[in-house]
Amino acid sequence: MTGLKKCFLFFNKLLKGQKLKSEKLLTVGELSRISNLSTRILRHYDKIGLLKPEKVDAQTHYRYYSPHQIFFVSLIQDLKSMGFSLAQVKEAMHRENLNHLKSLYQKRQKEVEKDLEKLLQMKENISYRLELFDKIALIEHSFKKDKKHYFELKKLPSRRIIYKPYQMSFNFDSVALQVRELQKTIENNEIKSQGPYLMIFHANYPEPQKAIIDLACFLSPSEKRNLKDFKEIPQGLFLTSLYQGTHENSVALYQEMIEWIKKHQYTLCGSPLKIYLKSLAFTDLPQNLLAEIQIPVKKV
């Protein structure tokens with residue numbers, strides 16, 4: 001017979017006012033079998049004052065429970081199934097004030113709604129990351145077949161970012177430290193970001209040690225707030241190209257893109273972006289980094 005069935009039989013007899021055969025107190029082992037809770041958990045409930053035994057033998061220190069306490073075990077399990085913490089369960093066991101009990105449930109409902117929001121955001125981020133992996137695989141496959149760099153004009157929508165001015169020397173260690181600082185801002189403010197990380201070069205792309213740079217991360221479309229560290233990359237036309245490797249590997253490509261812009265009668269109309277599709281989060285080898293340069297342009 002299952003623990004729940006045993007509980008039901010006890011409750012049925014109690015409701016009918018029948019005298020229980022097991023009027024004798026239950027040992028912790030018997031209550032454990034009926035409730036399907038381990039003796040360790042029952043002892044813990046005793047220790048924290050959630051479910052105290054009806055009697056404790058002074059000599060043996062054995063715990064004994066009355067049959068009606070099975071109901072309280074069932075109530076505890078019910079509350080835990082709804083995600084109440086043990087502290088909340090302990091508070092909810094005082095059931096005479098229905099308004100207070102209702103407020104506890106309302107508080108738990110808000111917690112569940114917040115958890116659901118986080119889970120939905122997590123699902124969105126995982127879906128985005130999976131799409132990114134497919135994109136990386138496709139690009140790397142094309143690079144194996146053809147080593148040439150291709151330029152593409154893209155009309156891109158406005159994009160919101162969280163950013164921090166980059167104020168350290170331009171090397172992998174300092175970039176990692178700055179990325180971590182940005183991540184801490186995201187975590188501390190519960191910001192919905194989606195990635196990937198990017199750098200905005202406000203000046204001097206070919207010499208990053210002298211450049212004025214923002215380190216940034218794209219925000220999730222579901223992030224509706226406006227915080228001081230947010231800004232928007234305006235929609236517009238961008239000349240784009242992909243490359244593999246370190247920043248130094250991209251300098252010659254950047255210069256070629258600038259020449260293409262002049263040759264085809266376009267002009268720069270904003271700061272170039274370097275978006276890391278395959279970042280150090282996905283590889284230990286700098287030569288395997290994959291990034292896209294995006295230069296905002298307009299027709300002369």
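For clarity, every value in this text was computed on a predicted model and none was experimentally measured.

One pass over the structure, following the stated rule, counts 14 salt bridges. Among the ionic pairs, D46 bridges to K52, the shortest N-O distance being 2.8 Å. Under the relative-accessibility criterion, D46 is labelled buried at 8%. Beyond isolated ion pairs, a larger network of salt bridges with shared partners links D46, K52 and R63.

On to the packing of helix α2 (residues 28–35) against helix α3 (residues 39–47), then. Interaxial distance between α2 and α3 falls to 9 Å at its minimum, and their mutual angle equals 110°. For the element pair α2 / α3, the angle class is roughly perpendicular. In this structure, the crossing between α2 and α3 has a hand that is right-handed. Between α2 and α3, the contacting residues are V28, G29, L31 and S32 on the first element and T39, L42 and R43 on the second.

In this model helix α4 (residues 69–81) runs 19 Å from its N-terminal to its C-terminal C-alpha over 13 residues, within 8% of the 18 Å that 1.5 Å per residue would give. Taken residue by residue, α4 has Q69, I70, V73, L75, I76 and L79 as its buried positions.

Take the layout of surface pockets next. The calculated volume of the largest pocket comes to roughly 1100 Å³. If you list the elements that add at least two residues to the lining of the largest pocket, you get α6 (98–145), α7 (172–188), β6 (193–203), β7 (212–219), α8 (247–263) and β11 (273–278). Broken down by element, the residue count for the lining of the largest pocket peaks at 9 residues, all from α6. Classifying every residue of the lining of the largest pocket by side-chain character gives 22 nonpolar, 12 polar and 12 charged. Considered as a void within the structure, the second largest pocket measures approximately 520 Å³ in volume. Every residue lining the second largest pocket is counted, 22 residues in all, and those nearest its centre are Y128, R159, G195, P196 and F218. Ranked by residues supplied to the lining of the second largest pocket, first place goes to α6 with 4 residues. Residue composition of the lining of the second largest pocket, by class: 10 nonpolar, 5 polar and 7 charged.

Moving on, we get to the packing of aromatic side chains. Counting across every chain of the model gives 6 aromatic pairs. Seen from their ring centres, F201 and Y205 are 4.6 Å apart, and the 55° between their planes marks the pair as tilted. Each of the two residues, F201 as well as Y205, counts as buried. Centre to centre, the rings of Y205 and Y254 are 4.2 Å apart; their planes meet at 15°, and the pair counts as stacked. Residue Y205 is found in the loop between β6 and β7, and its partner Y254 is found in helix α8; the two are separated by 49 residues along the sequence. On the basis of relative accessible area, Y205 is assigned to the buried category, the value being 2%. Classification of Y254 by relative accessible area gives buried; the value is 9%.

Glancing now at the nonpolar core. Counting 30 residues, the largest nonpolar core has I162, Y166, M199, I213, I261, I293 and I295 as its most contacted members. Put simply, the parts of the chain that give this core at least two residues each are β5 (159–166), α7, β6, β7, β9 (236–244), α8 and β12 (290–299). Broken down by element, this core gets its largest block of residues, 5 residues, from α8. The contacts of I261, once residues within four sequence positions are left out, are L239, Y266, T267, L268, I295 and V297. Core analysis: the second largest hydrophobic core is formed by 21 residues, L50, L79, V89 and L101 among them.

Scoring rules and cut-offs
- Residues numbered from 1 in each chain as written.
- Predicted model: local features only at pLDDT ≥ 70, side-chain atom pairs only at ≥ 80, totals over all residues.
- Heavy atoms only, no water.
- Salt bridge = Lys/Arg side-chain N within 4 Å of Asp/Glu carboxyl O.
- Buried < 20%, exposed > 50% of the residue type's maximum accessible area, 1.4 Å probe, protein only.
- Axes fitted to C-alpha atoms, helices over the stretch in contact; angles between N-to-C directions.
- Helix = DSSP H or I, 4+ residues; strand = E, 2+ residues; numbered from the N terminus.
- Parallel < 35°, antiparallel > 145°, perpendicular 65-115°, else oblique.
- Left-handed = near helix turned anticlockwise from the far one by under 90°.
- Contact = heavy atoms within 4.5 Å.
- Expected span 1.5 Å × (residues − 1).
- 1 Å grid on protein atoms, 1.4 Å probe; cavity = no way out; pocket = protein on both sides within 12 Å on 5 of 7 lines; lining within 4 Å.
- Points joined across faces, edges and corners; volume = space filled by probe spheres on them.
- Nonpolar A, V, L, I, M, F, W, Y, C, P; charged D, E, K, R; others polar.
- Phe/Tyr/Trp six-rings, centres within 6.5 Å; stacked < 30°, edge-to-face > 60°.
- Core = buried A, V, L, I, M, F, W, Y, C linked by side-chain atoms within 4.5 Å.

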